[in-house]
Amino acid sequence: MTDFLFFGAAVSRIDDDFDTYLERAHREKHHPLCLCKSPPIPMYVSRVNNAYILKRMPNRGGEHHPDCDSYEIPVSLSGRGLMQNRAIVEDHDSGLTSLRLGFPLSKSSSSRDPITPSSGEQKSVSADPAKLTMRALLEYVYEEAGFTRWSPKMKGKRNWHVIRHHLLQAVQNKVSRRNPLAESLLIPEFFSVDKKDDIASRRRRFFAGIKPAKGKTPFALLIGEVKAVETSRFGGKLVIKHMPDSPIYMSEDVFRRVGKAFAPEIALFSEDDSIHLLAMMTFYLSASGNPQVETITLMTVDENWLPFETLEERELIERLVSGGRHFMKAMRYNLASSDVMATAIVTDTQPDPTAYFIIPMGATESFYDELDELIKGSSVPAHIWNANEDDAMTLPSIETSARSASSDSQLPPYSENRHDYASNLGYIADQEEDQFNLYADEENK
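Quick summary incoming for the structure in this document. (Residues numbered from 1 in each chain as written. Predicted model: local features only at pLDDT ≥ 70, side-chain atom pairs only at ≥ 80, totals over all residues. Heavy atoms only, no water.)

**Concerning the overall build of the protein**
A count of helical and extended segments in the protein gives 9 helices and 23 strands. Residues classed as buried in the protein amount to 49% of the 445 residues present. For the protein, long-range pairs separated by at least 24 residues make up 65% of all intrachain contacts whose partners lie at least 6 apart in sequence. (Helix = DSSP H or I, 4+ residues; strand = E, 2+ residues; numbered from the N terminus. Buried < 20%, exposed > 50% of the residue type's maximum accessible area, 1.4 Å probe, protein only. Contact = heavy atoms within 4.5 Å.)

**Some points on the sheet that holds strand 11 (residues 174-176)**
Across the sheet, which stays open at both edges, the 4 strands sit in the order 6-7-11-12 with mixed pairing between neighbours. Pairing within the sheet leaves two strands with one partner each, and these edge strands are strand 6 (88-91) and strand 12 (179-180). (Pairing = 2+ DSSP bridges.)

**Overview of the nonpolar core**
In terms of nonpolar packing, the biggest core is built from 35 residues, with Leu132, Leu137 and Tyr142 touching the most fellow members. Of all the secondary structure elements, the ones that give two or more residues to this core are helix 3 (134-144), helix 4 (160-170), strand 15 (220-232), strand 18 (276-285) and strand 19 (291-301). The greatest single-element share of this core, amounting to 7 residues, is contributed by helix 3. In this structure, Leu132 is in contact with Met83, Ala87, Ile88, Leu99, Arg100, Leu101, Gly102, Phe103, Leu137, Tyr333 and Asn334, ignoring residues within four places of it in sequence. By size, the runner-up hydrophobic cluster in this structure holds 25 residues, among which are Ala220, Met250, Val254 and Phe269. (Core = buried A, V, L, I, M, F, W, Y, C linked by side-chain atoms within 4.5 Å.)

**Quick look at the packing of aromatic side chains**
Tallied over the entire structure, the rule returns 8 aromatic pairs. Ring centres 5.6 Å apart and planes at 50° place the aromatic pair Phe6 and Tyr21 in the tilted group. With Phe6 in strand 1 (residues 3-6) and Tyr21 in helix 1 (residues 18-27), the pair connects residues that are 15 residues apart, well separated along the chain. Residue class for Phe6 comes out buried when judged on its relative accessible area of 0%. Ring plane angle 45° and centroid distance 6.0 Å describe the contact between Phe219 and Tyr284, whose orientation is recorded as tilted. Placement of the pair is Phe219 in the loop between strand 14 (216-218) and strand 15 and Tyr284 in strand 18, with a sequence separation of 65 residues. The exposure class assigned to Tyr284 is buried, which follows from its relative accessible area of 11%. Feature note: the residues Phe4, Phe6, Phe18 and Tyr21 constitute an aromatic cluster, connected by ring pairs. (Phe/Tyr/Trp six-rings, centres within 6.5 Å; stacked < 30°, edge-to-face > 60°.)

**Let's talk about the packing of helix 3 against helix 4**
The contact between helix 3 and helix 4 brings their axes to 8 Å, and the two run at 105°. In terms of their interaxial angle, helix 3 and helix 4 are classed as roughly perpendicular. Note on element contacts: helix 4 touches helix 3 through Ile163, Leu167 and Ala170, opposite Val141, Tyr142 and Glu144. When its residues are assigned to classes, the contact of helix 3 with helix 4 shows 5 nonpolar, no polar and 1 charged. (Axes fitted to C-alpha atoms, helices over the stretch in contact; angles between N-to-C directions. Parallel < 35°, antiparallel > 145°, perpendicular 65-115°, else oblique. Nonpolar A, V, L, I, M, F, W, Y, C, P; charged D, E, K, R; others polar.)

**A short note on the pairing of strand 5 (residues 51-56)**
Of the pairings in the sheet, the one linking strand 4 (residues 41-48) to strand 5 comprises 6 bridges and is antiparallel in character. Paired with Arg47 across the strands is Tyr52, a residue of strand 5. In this structure, the hairpin formed by strand 4 and strand 5 is closed by a connection of 2 residues, where Asn49 is found at a positive phi of approximately 55°.

**A closer look at the packing of helix 6 (residues 252-261) against helix 7 (residues 263-271)**
Contact geometry for helix 6 and helix 7: axes closest at 5 Å, N-to-C directions at 80°. It follows that helix 6 is roughly perpendicular to helix 7 by the angle criterion. Where helix 6 abuts helix 7, its residues Val258, Gly259, Lys260 and Ala261 lie against Ala263, Pro264, Glu265 and Ile266. Its residues placed into classes, the contact of helix 6 with helix 7 shows 5 nonpolar, 1 polar and 2 charged.

**Here we look at the environment of Gln350**
When you line up the elements, Gln350 lands in the loop between strand 21 (344-346) and strand 22 (354-359). Taking relative accessible area as the criterion, Gln350 reaches 22% and is therefore assigned partly exposed.

**Here we look at the state of the cysteines**
Across all of its chains, the model carries 0 disulfides by this definition. There is no disulfide at Cys34, and the cysteine sulfur nearest it, in Cys36, is 3.6 Å away. Of the residues examined, Cys34 reaches a relative accessible area of 0% and is grouped as buried. (Disulfide = S-S within 2.5 Å.)

This is how it looks when you write it as structure tokens:
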């Protein structure tokens, strides 16, 4: 486990006085040092909801050792690099992260334009790098929650209770136009027969807070796992796991556009029972009081809750998981589907992590040129698999990366301490209690 240097003293997260050091460092504006590398890397302490949190300095996550919780994919290798300091702005003095969203969280009721839900952001269209699309926001929150990381110790330790717990933690210090994101976000609670009435009551109170008032129709955010996509009398509806008694409705136009924009995701979900389909949306309450989709995006994740976009990406993830490898899935954010980015960063190669690139079927000459330029400009060694060739997919050797073993980097041995959900107080094992009729087929995942 990584140690830190506070006021000249080496301190670990498991030490009894760790919180005391955090409080003192925040009070005295002291920058602790992360000892994952030599020389140590400065960090800072923020205060969020009366709790003190040790955080990496903005834009310096790539400097940490891959085995460190503070390590993040180098900005040049994922879509996050374009968003940092533009759509995502971290303030280490306040501990808050300001997010610029490319979609509204309310609408004036006096507007002449009707509330017409815009279902499918075209994933192949370039977006404003200074604003997060709905898909980019989902990927950002998911990455912040740690679910793009993988080590063998995580196998079998992710269910909806774990996913919800860490997603809620990830949004605690995020604001949009000075409004806390957590206050407008609904993530369905893990269903429990004994608590079903309390859960329903809390959801009704949340809905009561987004009723139209003072000439404004507020929107709420929702992250949930899709249970079914169904037709309704005048359009369609999404049934969300753990809250199937409260479907999210879509107008006929939105239902049609969702089916078109997210045809690959819906097809994968319908054809493979092991795939989870995550939805993030803004919604408002219709005249009847039922939730209605305003903007929505869908994301496929595998049985281990690791995100993927294509079958080639899924094959890579499956091979890495089955091979007992450690890695981080890179996220696209606002990048177009034709833009080059690393699929994953394999973090157990020595002496450096390795960026894994997949050349998709039908890649253009400009794709190869962009890939070559990206690899030449990166300090991270690369491993490439070309889907256009007959060669089987290969993985980088765990002993050494493409960089020469004579690299100046002196890295400590790899460990598996990060994101150990079983040791987290928020984790509970899959429940096996009987479900009542409405939830009879709810899976505890």
